[in-house]
Amino acid sequence: MVKPSYTSPFPTEVQAGQKYFWCTCGLSAGQPFCDGSHKGSGLKSLLLEASESKTVWFCGCKETKNPPFCDGSHEKVKVA
């Protein structure tokens, strides 16, 4: 995994039935979503298909135990 560069989650309004591809590597310029920057790293984006329209908190630190959602892990992550 690439070292995280974000120490807080991304509150995002998702729409029911829409697909979202969460960045797992931390390299995407369009955080929290994948822009393909992971190519060659062996990592893949994570697909979320929203079941309802609501605000979700996407993890920014990439250390969550509940991907793609924030679980508070950023509170323990030190960013260089």
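Read on for a plain summary of the structure.

Cut-offs and rules
Residues numbered from 1 in each chain as written. Predicted model: local features only at pLDDT ≥ 70, side-chain atom pairs only at ≥ 80, totals over all residues. Heavy atoms only, no water. Phe/Tyr/Trp six-rings, centres within 6.5 Å; stacked < 30°, edge-to-face > 60°. Helix = DSSP H or I, 4+ residues; strand = E, 2+ residues; numbered from the N terminus. Buried < 20%, exposed > 50% of the residue type's maximum accessible area, 1.4 Å probe, protein only.

Using the criterion set out here, one finds three aromatic pairs in the structure. On the numbers, 5.3 Å between centres and 75° between planes, the contact of Phe-33 with Phe-58 is edge-to-face. A residue pair is termed long-range when its members are at least 10 positions apart, and Phe-33 in the loop between β2 (19–22) and β3 (46–49) and Phe-58 in strand β4 (residues 54–58) qualify at 25 residues. Judged by its relative accessible area of 25%, Phe-33 is partly exposed. Assessed through its relative accessible area of 0%, Phe-58 is described here as buried.

Before going further, it helps to examine unusual backbone geometry. Going from Gln-31 to Pro-32, the amide bond is cis rather than trans, its omega being 10°. Mapped onto the elements, Pro-32 comes out in the loop between β2 and β3. Here the bond from Pro-67 into Pro-68 is cis, since omega is 10°, no more than 30 degrees from zero. Among the secondary structure elements, Pro-68 is positioned in the segment after β4. Despite not being glycine, Lys-62 shows a phi value in the positive range, around 70°. Relative to the helices and strands, Lys-62 is located in the segment after β4.

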